[in-house]
Amino acid sequence: MKSLEQLLDIFLAFFRASNLAFGGGPAIIPLIQAEVINHGWMTLEQFSEGLAIATSLPGPIAALLSGYVGYHVAGWPGVLAALLGTLALTSILVIALTGFLMKHSNSPVLKGALTGVRPLVTVLVAKTAFDMGLSAFPSMWSWVIAGAAIICLYKLKLHPGIVIILSMVFGLFVFQ
């Protein structure tokens, strides 16, 4: 069994990440990445692989990614610690603040605060994409997949889920 101190570290890392993430699922990715890399729990390549797995599965990215990292670091107790850190306070706050937010959804102050944080979220997601992109293209086939994905998404207007499945099938044959 993993030490209580290690499980507490996992809980606190995901607690910090989830409670600073504004803007939904993609906004938490750079925060989780920073926690994972700074703690030395994974390399950037391992994190990128985990993110690829988490994004290819149905469900909220924060829970999937925290479960993946938690398991990698400390097995099933790590999953529990990471998920509690990710979901506990956020769930309580959503339940407690939903009425307030619904009542004041047209407030200029609330709208201003949320509008002010959008550019930051965009930059954080772009930074993570750039960092991961440096390790995501180790071969010519990676570039082929990226180019084909762009064509499928923007020219052919295929659903992203279909593109993910096609990329996985292609990768299964090429990278085996």
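Attention here is on the structure that accompanies the text. (Residues numbered from 1 in each chain as written. Predicted model: local features only at pLDDT ≥ 70, side-chain atom pairs only at ≥ 80, totals over all residues. Heavy atoms only, no water.)

### Focus on the nonpolar core
Residues Ile-10, Phe-14, Ile-32, Val-36, Trp-41, Phe-47 and Val-69 are the most contacted members of the largest nonpolar core, which totals 24 residues. For this core, the elements supplying multiple residues, two or more each, are helix H1 (4–20), helix H2 (25–39), helix H3 (44–56) and helix H4 (61–103). Counting residues per element, this core draws most heavily on H4, which supplies eight residues. Those residues in contact with Trp-41 that sit more than four places away from it in its chain are Asp-9, Ile-10, Ala-13, Phe-14, Glu-35, Val-36, Gln-46, Val-69, His-72 and Val-73. (Core = buried A, V, L, I, M, F, W, Y, C linked by side-chain atoms within 4.5 Å. Buried < 20%, exposed > 50% of the residue type's maximum accessible area, 1.4 Å probe, protein only. Helix = DSSP H or I, 4+ residues; strand = E, 2+ residues; numbered from the N terminus. Contact = heavy atoms within 4.5 Å.)

### Re the pattern of salt bridges
One pass over the structure, following the stated rule, counts one salt bridge. Between Arg-16 and Glu-35 there is a salt bridge, with its nearest N and O atoms 2.8 Å apart. Separated by 19 residues along the polypeptide, Arg-16 in helix H1 and Glu-35 in helix H2 bring together distant segments of the chain. The class for Glu-35 is buried, based on a relative accessible area of 15%. (Salt bridge = Lys/Arg side-chain N within 4 Å of Asp/Glu carboxyl O.)

### Focus: the layout of surface pockets
Reported here for the largest pocket is a volume of approximately 1,500 Å³. Together, 35 residues line the largest pocket, and Ser-48, Ala-52, Thr-55, Met-132 and Ala-136 are the ones closest to its centre. At the level of secondary structure, the elements contributing two or more residues to the lining of the largest pocket comprise H2, H3, helix H5 (108–136), helix H6 (140–155) and helix H7 (160–174). If you tally residues by element for the lining of the largest pocket, the top one is H3, at eight residues. When grouped by side-chain class, the residues that make up the lining of the largest pocket number 24 nonpolar, nine polar and two charged. When residues of the lining of the largest pocket are assigned to domains, at least three map to each of domain 1 (4–104) and domain 2 (120–175). (1 Å grid on protein atoms, 1.4 Å probe; cavity = no way out; pocket = protein on both sides within 12 Å on 5 of 7 lines; lining within 4 Å. Points joined across faces, edges and corners; volume = space filled by probe spheres on them. Nonpolar A, V, L, I, M, F, W, Y, C, P; charged D, E, K, R; others polar. Domains from an automatic or database assignment.)

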